[in-house]
Amino acid sequence: MENSNDNTSRYVQTMIAGLWRENPTLRLLLGMCPTLAVTAAVKPALTMGCSVIFVLVCSNIIVSLMRNLLKPHLRILMFTLTIATFVTIADLFLKAYLPRMSEMLGPYVPLIIVNCIIICRAEACASKNPLFVSIIDAVGMGIGFTVTLCVLASVRELLSTGKIFEVSLMPNAFVPWAALGMPVGAFITLGLMIGLVNIITGKKA
Amino acid sequence: MDTLIILLMGFISIVVVNNLVFTKFLGICPYLGVSGRIDMAFGMGLAVTFVITLSGTLTWLIDHLLLIGTPLEVTRYVCFILVIAGAVQLVEMYLRKFFPSLYDSFGIFLPLITTNCAILGLCLFLNLWGTDSLLEAVVLSFGAGIGFTMAICIMAGIRENLDLADVPGCLKGAPITLITAGLLAMAFMGFAGMIR
């Protein structure tokens with residue numbers, strides 16, 4: 001009984017670590033490209049987040065299962081090939097069922113292959129831990145990533161168009177800040193957000 | 001003559017107007033990681049330029065000779081990533097043999113070129129833009145590498161001076177780099193609409 005309690009608390013901790021303490025985007029600064037590229041609006045950000053969760057969980061499962069067979073110098077190659085396979089599945093799925101979203105995200109869906117978060121989790125967690133811990137870790141990290149994307153996207157969408165999910169939230173007198181919907185806004189908003197997180201956690205860089 | 005103008009336009013377009021770092025957000029990770037010192041940034045830029053030219057050309061060939069129009073098209077991403085990983089391995093071996101000091105100073109960032117989004121991103125964009133001649137693909141890939149080198153060198157120059165500036169504690173490091181990149185992106189927006 002004692003032992004299973006220990007295990008449970010460890011699982012919960014792994015999960016929470018991904019959400020805040022080791023949040024991939026805000027604390028570890030991984031996976032910047034999609035974070036900046038798809039956050040002009042909430043919908044693509046959410047789609048991207050879900051695709052990343054799917055790929056992350058699947059690749060962590062496979063990597064964790066084959067962790068004892070890996071040769072050190074071929075490790076990264078095996079990870080990338082596994083990830084590329086699942087990204088292809090996700091891409092074909094989006095093309096078939098959400099063709100408009102797939103067109104909007106364009107090359108950023110296949111770019112999940114080189115998203116550092118997934119390789120980092122395969123290397124740092126899945127290649128050393130048993131199956132269940134790897135899954136929990138992947139889910140935690142994936143949700144942390146998705147939530148961050150959505151927060152960033154809602155700030156940008158609200159200020160650049162005055163709407164979220166087509167619902168107008170700002171008073172009529174509000175003049176949209178068009179710049180926030182452009183690349184400029186992505187860089188600056190993310191910079192300020194990381195600054196804010198640094199204040200909250202009291203981290204001195 | 002016409003081909004020459006098209007190639008020149010394509011080159012300028014990908015270096016300044018559609019710069020991969022500032023308008024497509026590709027290659028941000030090494031951009032934040034290696035842009036601390038200008039000599040390292042330049043070396044990184046050259047390595048990326050080499051890999052991107054090689055893999056851009058190879059993936060274009062593979063795409064057009066083998067994949068397009070056959071059922072093998074679904075394996076596109078897997079093929080692309082294999083080509084890139086191979087090209088990076090080549091650069092790594094070459095540097096270790098001929099420039100060991102540069103090789104040591106790159107450390108972990110060298111194998112990480114494989115996962116540099118700029119490279120895979122360019123290969124995918126070549127496909128998306130419907131580049132239809134080999135020469136154009138070569139010029140565009142080379143231009144993308146030059147654009148990346150330019151962006152990372154500008155950033156390294158700014159960051160060397162930023163060390164002396166009085167930045168608020170919470171913004172030190174990555175945040176201020178991102179904000180600077182935002183301001184640079186704004187400057188590069190001035191080129192938008194010049195070509196294409």
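Analysis parameters
- Residues numbered from 1 in each chain as written.
- Chains lettered and ligands numbered in written order.
- Predicted model: local features only at pLDDT ≥ 70, side-chain atom pairs only at ≥ 80, totals over all residues.
- Helix = DSSP H or I, 4+ residues; strand = E, 2+ residues; numbered from the N terminus.
- Buried ≥ 20, exposed ≤ 12 C-beta atoms within 10 Å, placed from the backbone.
- Contact = placed C-beta atoms within 7 Å.
- pLDDT = per-residue confidence, 0-100.
- Nonpolar A, V, L, I, M, F, W, Y, C, P; charged D, E, K, R; others polar.
- Core = buried A, V, L, I, M, F, W, Y, C linked by C-beta atoms within 7 Å.
- Expected span 1.5 Å × (residues − 1).

A. Spotlight on the overall build of chain B. Regarding its fold elements, chain B presents nine helices and zero strands. Each helix and strand of chain B, ordered N terminal to C terminal, gives the series α-α-α-α-α-α-α-α-α. With the principal axes as the frame, chain B shows a C-alpha extent of 55 × 45 × 30 Å. Looking at chain B as a whole, 45% of its 196 residues qualify as buried. Put simply, of all contacts in chain B between residues at least 6 apart along the chain, 83% involve residues at least 24 apart.

B. The arrangement of unusual backbone geometry in detail. All names here are of chain B. With phi around 60°, Phe-25 is a residue other than glycine that occupies positive phi space. Along the polypeptide, Phe-25 turns up in the loop between α2 (20-24) and α3 (28-33). By the C-beta count within 10 Å, which is 27 here, Phe-25 ends up buried.

C. Summary view of the environment of Asn-7 of chain A. Along the chain, Asn-7 of chain A turns up in helix α1 (residues 2-21). Distance from Asn-7 of chain A to Asn-172 of chain A, taken between C-alpha atoms, is 53 Å for residues 165 residues apart in sequence.

D. Main features of the confidence of the model for chain B. Residues and elements named next belong to chain B. Averaged over every residue, the pLDDT of chain B is 84; the share at 70 or more is 98%. Mean pLDDT values for the elements of chain B range from 77 in α3 up to 90 in helix α8 (residues 134-162). The complex model carries a pTM of 0.84, and its ipTM stands at 0.80.

E. Broad picture of the interface of chain B and chain A. Contacts between chain B and chain A engage 37 residues on the former and 36 residues on the latter. At the level of secondary structure, the elements contributing two or more residues to the side of chain B that touches chain A comprise α2, α3, α5 (76-98), α7 (117-128) and α9 (174-189) of chain B. Ranked by residues supplied to the side of chain B that touches chain A, first place goes to α9 of chain B with ten residues. Of the residues contributing to the side of chain B that touches chain A, the split by class is 28 nonpolar, eight polar and one charged.

F. Representation of the nonpolar core within the structure. Counting 114 residues, the largest nonpolar core has Ile-113 and Phe-187 of chain A together with Ala-118 and Leu-120 of chain B as its most contacted members. Take this core: its biggest share by element is twelve residues, from α8 of chain B. With residues near it in sequence (within four places) discarded, Phe-187 of chain A still touches Leu-36 of chain A together with Leu-178, Ile-179, Ala-181, Gly-182 and Ala-185 of chain B.

G. Region of interest: the environment of Gly-145 of chain B. Residue and element names in this part refer to chain B. The topology assignment puts Gly-145 in helix α8. Separated by 26 residues in the primary sequence, Gly-145 and Ile-119 have C-alpha atoms spaced 8.7 Å apart. Apart from the residues lying within four places of it in its own chain, the contact partners of Gly-145 are Val-48, Thr-49, Ile-52 and Thr-53.

H. How the structure looks around helix α3 (residues 42-65) of chain A. End to end, α3 of chain A covers 35 Å across 24 residues, agreeing with the expected 34 Å (1.5 Å per residue, within 8%). Of all 24 residues in α3 of chain A, 17 are buried; the element is thus mostly enclosed.

I. Broad picture of the confidence of the model for chain A. When pLDDT is averaged across chain A, the result is 83; 96% of the residues are at 70 or more. Mean pLDDT per element in chain A: α1 of chain A is the minimum at 72, and α3 of chain A is the maximum at 91.

J. Seen up close, helix α4 (residues 75-97) of chain A. Here α4 of chain A is 23 residues long and its end C-alpha atoms lie 33 Å apart, about the 33 Å a rise of 1.5 Å per residue gives. Within the sequence span of α4 of chain A, burial applies to Phe-79, Thr-80, Thr-82, Ile-83, Ala-84, Phe-86, Val-87, Asp-91 and Leu-94 of chain A. Check the buried side of α4 of chain A and you find it contacts α3, α5 (99-105) and α6 (116-126) of chain A together with α5 of chain B.

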